[in-house]
Amino acid sequence: MERPTTERILSIFKELNGVPRPSHHEERVADWLCNFARRLNLPYERDAENCVVIRKPATPGYESSEPIVLLNHMDMVCVGMNDPLNDPVVACEENGWLRARGTSLGADNGIGLSMALAVLESEGLEHPALEVMTTTNEEDGMTGAARLGENFLSGRKVINLDSEDYDTITTGAAGACLQLHRLPLHPMASPKGKYRWYRIRFEGGLGGHSGVDINKGRCSAVIPAWAILAAIYNEFDLWLSDIRVGEANASIASTAELTLCVPSGEASEFVKAQEESMNRWLAEEYGSGDAGMHCTVTKCERADTVFPTESFLAMMSCLEQIPQGVIAMSTTMKDTVETSNNVGRIRTENGDLLVSTHTRSFSDSETERVSREIAATFAAAGGRSETVMTAPAWQEDSGSAFIDTVSDTFRDVLGWKPRRVAMHFVLEAGFFVRRFPGMQIACIGPRIIEPHSASERVELKTIDDIRQVLIELLRRLK
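The rules behind these values
Residues numbered from 1 in each chain as written. Predicted model: local features only at pLDDT ≥ 70, side-chain atom pairs only at ≥ 80, totals over all residues. Heavy atoms only, no water. Helix = DSSP H or I, 4+ residues; strand = E, 2+ residues; numbered from the N terminus. Buried < 20%, exposed > 50% of the residue type's maximum accessible area, 1.4 Å probe, protein only. Areas by Shrake-Rupley, 256 points an atom, 1.4 Å probe, with all protein chains shown as cover. Lys, Arg positive; Asp, Glu negative; His and termini not counted. Charge placed at Lys NZ, Arg CZ, Asp CG, Glu CD. Pairing = 2+ DSSP bridges. Contact = heavy atoms within 4.5 Å. Axes fitted to C-alpha atoms, helices over the stretch in contact; angles between N-to-C directions. Phe/Tyr/Trp six-rings, centres within 6.5 Å; stacked < 30°, edge-to-face > 60°. Lys NZ or Arg CZ within 6 Å of the ring centre and 35° of its normal. Expected span 1.5 Å × (residues − 1). Bend = angle between axes of the 7 residues up to and from the residue. Polar contact = N/O pair within 3.5 Å; in protein donor to acceptor, adjacent residues only side chain to side chain. Parallel < 35°, antiparallel > 145°, perpendicular 65-115°, else oblique. Left-handed = near helix turned anticlockwise from the far one by under 90°. Nonpolar A, V, L, I, M, F, W, Y, C, P; charged D, E, K, R; others polar. Core = buried A, V, L, I, M, F, W, Y, C linked by side-chain atoms within 4.5 Å. 1 Å grid on protein atoms, 1.4 Å probe; cavity = no way out; pocket = protein on both sides within 12 Å on 5 of 7 lines; lining within 4 Å. Points joined across faces, edges and corners; volume = space filled by probe spheres on them. Salt bridge = Lys/Arg side-chain N within 4 Å of Asp/Glu carboxyl O.

S.K.: Explain the overall build of the protein chain to me, and be specific about the residues and the numbers.
M.R.: When helices and strands are tallied, the protein chain shows 11 helices and 24 strands. Within the protein chain, buried positions represent 58% of all 478 residues. In the structure as shown, the protein chain presents an accessible area of about 18900 Å², 46% of it carried by carbon and sulfur atoms. Placing the 48 positive and 68 negative side-chain charges of the protein chain at their respective mean positions leaves the two points 2 Å apart.

Structure (structure tokens):
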């Protein structure tokens, strides 16, 4: 193959999306990458975390040039799938965009990975020695990057193709702390007698990335779920049997489901009336930013167990106290979130309530402070907290010669210069610059809208544009 075409990139992406690849379960996609390397007779390494690096020698004239790393991750956030370990992603083109049918697309970061693989199999390019580095568990812990061996890479200039902002070079990213909190519920037998059982659902919300979408006025289903429980409990006896909120730790929760019972009669009528009341409130509060979120209240069968009142109140107190959404805006970066926290998932498991929180900040000390206070809130209620992942904030020298070269390539290929920005999402870059001294990283990529949601889509024209920029950039890095 002479040069990587957009058609070939999409063909590789389709093949990649036939391999299930949720976070923590990347064995099969790692196998697929190793087979890709073997087919091209290229050397590769695979570590204990299933991270894979594929190496390609420099083309004639570039033998003495510094190696270039093309960085991506192989896992994806699986939203809308009944069985993420087996369900493939079915993509379709629609008005210049590629999207999936009812699930997240995996363009984050599958398109960037497909682009790097297309470069590997192309023979007509000029480039230094390449190291196509693909990490695991980027979306839910970044353990692949955190545990990477010090000798796994030789290159110190990195083109990270994990970016959703087509008109930017990302030169900085927030740090993060992902925590899992466990609160004992002490389930007891459900009350007998005249009780009405209901299932309350919130659904239709946009959800989205809990970093880049956190300030867009979207409804986290955690908030109306708490509000309706508080409204009922403040008026009548309430027994909660089950709560399930959210789809992924790294996403704004777009769904919630509550199973509960109240005494028959006036309390029952009050619960049924909450459907209309909540929908009116949702329209007033989120109609301009998340009009699809709505509430339904339906009768359901009796459940075997419920939470004791003390456990229910402990849960409600914790969810009320911990911050949700934007905590502070940056004073130095215009319209940029400095610090935030998102409750990704709430569920019951083995008699405990499990709550995940994802705290982000450009200040590592703020990430630590907010995370510590959240853990203290659960501890005061009798819970315990586990830190699943911490990632350092990262800031590149946005005026370096390397970043200038990337910017100039955009200008010469596409006719415009990209913005140089720090983004309120978490990248593996912080781990890489700590592990590999002297490493420089520029993040570029096509336009991806609504990552981490069933509405995720990528603009096809921008894939072709970034493809052209990447080809020319590799030629210039001599």
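The rest of the description comes next.
S.K.: Which residues make up unusual backbone geometry, and what values go with them?
M.R.: Going from D108 to N109, the amide bond is cis rather than trans, its omega being 5 degrees. Mapped onto the secondary structure, N109 falls in helix α3 (residues 107–121). Positive phi is not limited to glycine here, since N41 has a value of about 60 degrees. As for its position among the elements, N41 is in the loop between α2 (27–39) and β1 (44–46). Its identity as a non-glycine residue notwithstanding, H452 has a phi of 65 degrees, on the positive side. Along the chain, H452 falls in the loop between β23 (448–449) and β24 (457–459).

S.K.: Any details on the sheet that holds β24? Residues and values, ideally.
M.R.: Read from one edge of the open sheet, 4 strands run β4-β5-β24-β23, paired in antiparallel fashion. Strands at the two margins of the open sheet, each flanked by one partner only, are β4 (91–94) and β23. Pairing of β4 with strand β5 (residues 97–100) involves 4 bridges; the strand directions are antiparallel. For E93, the partnering residue across the bridge sits in β5 and is L98. Together, β4, β5 and β24 form the strand contacts of helix α11 (residues 460–476), whose direction differs from that of β24 by roughly 60 degrees.

S.K.: Could you give me a rundown of the packing of aromatic side chains, with the residues and numbers involved?
M.R.: In this description, an aromatic ring pair is defined by two values, namely the gap between the centres and the angle between the planes. Under the definition given, this model contains 7 aromatic pairs. When the centroid spacing of 5.9 Å and the interplanar angle of 45 degrees are considered together, the rings of W32 and F36 count as tilted. Linking W32 with F36, this pair stays in helix α2, spanning 4 residues, or about one helical turn. Owing to a relative accessible area of 12%, W32 belongs among the buried residues under this scheme. According to the relative accessible area criterion, F36 is buried, its value standing at 3%. Taking 5.3 Å as the distance between ring centres and 70 degrees as the angle between the ring planes, the aromatic pair formed by Y166 and W416 counts as edge-to-face. With a gap of 250 residues between them, Y166 in the loop between β7 (157–160) and β8 (168–173) and W416 in the loop between α9 (401–414) and β21 (419–423) connect regions that are remote in the sequence. Members of the aromatic cluster, each reached through a chain of ring pairs, are Y166, F410 and W416. Against the face of F36 rests R39, its NZ or CZ located 4.8 Å from the ring centre. Over the aromatic face of W97 sits the side chain of R457, whose NZ or CZ is 5.7 Å from the ring centroid.

S.K.: I'd love a proper account of helix α6 (residues 266–286), names of residues and values included.
M.R.: Compared with an ideal rise of 1.5 Å per residue, which puts 21 residues at 30 Å, α6 spans 30 Å between its outermost C-alpha atoms and is within 8% of the ideal. The axis of α6 is deflected most strongly, by about 30 degrees, at Q274. Residues of α6 that are buried include every one of A267, S268, V271, Q274, M278, L282 and Y286, and no others. The secondary structure elements touched by the buried residues of α6 are β11 (195–203), α5 (222–233), β13 (256–263) and β14 (294–299).

S.K.: Got a sec to walk through the environment of R420? Specific residues and values, please.
M.R.: Mapping R420 onto the fold places it in strand β21. Through-space distance from the C-alpha of R420 to that of D167 is 9.0 Å; in sequence the pair is 253 residues apart. Among residues more than four places away in sequence, those in contact with R420 are I169, T171, S398, G399, I403, D404 and S407. Engagement of the side chain of R420 in a polar contact is seen with the backbone oxygen of S398, the distance being 2.5 Å.

S.K.: Which residues make up the packing of α3 against α11, and what values do they have?
M.R.: Put simply, α3 and α11 touch, their axes get as near as 11 Å, and they point 45 degrees apart. Relative to α11, α3 is oriented oblique. The two elements α3 and α11 cross, and the hand of that crossing is right-handed. In contact with I111, M115 and V119 of α3, α11 contributes I463, I466, R467, L470 and L474. Looking at the contact of α3 with α11 residue by residue, the class counts come to 7 nonpolar, no polar and 1 charged.

S.K.: Describe the nonpolar core, with residues and values.
M.R.: Core analysis: the biggest nonpolar cluster contains 59 residues, and L70, L117, I159 and I444 have the highest contact counts within it. If one sorts the elements of this core by residue count, α3 sits on top with 9 residues. In contact with L117, other than residues within four places in its own chain, are I12, W32, L33, F36 and I54. Residues I200, C219, A225 and V262 belong to the second largest nonpolar core, which totals 46 residues.

S.K.: Which residues make up empty space enclosed by the protein, and what values do they have?
M.R.: Scanning the entire structure with this criterion turns up 2 cavities of 30 Å³ or more. Lining the largest cavity are 15 residues, with E138, E139, H209, V426 and H452 sitting closest to its centre. Taken together, the residues of the lining of the largest cavity sort by class into 6 nonpolar, 3 polar and 6 charged. Estimated volume of the second largest cavity: approximately 40 Å³. What lines the second largest cavity is N17, V19, P20, R21, M76, C78, M81, P84, D87, P88 and V89. Across the lining of the second largest cavity, the residue classes break down as 8 nonpolar, 1 polar and 2 charged.

S.K.: How would you explain the pattern of salt bridges if you had to name every residue and give the values?
M.R.: One pass over the full model with this rule turns up 33 salt bridges. R201 is the salt-bridge partner of E203, the closest N and O atoms lying 3.2 Å from each other. The class for E203 is partly exposed, based on a relative accessible area of 25%. A salt bridge links R447 to E459; its shortest N-O distance comes to 2.6 Å. Taken together, the positions of R447 in the loop between β22 (440–443) and β23 and E459 in strand β24 put the pair 12 residues apart, joining distant regions of the chain.

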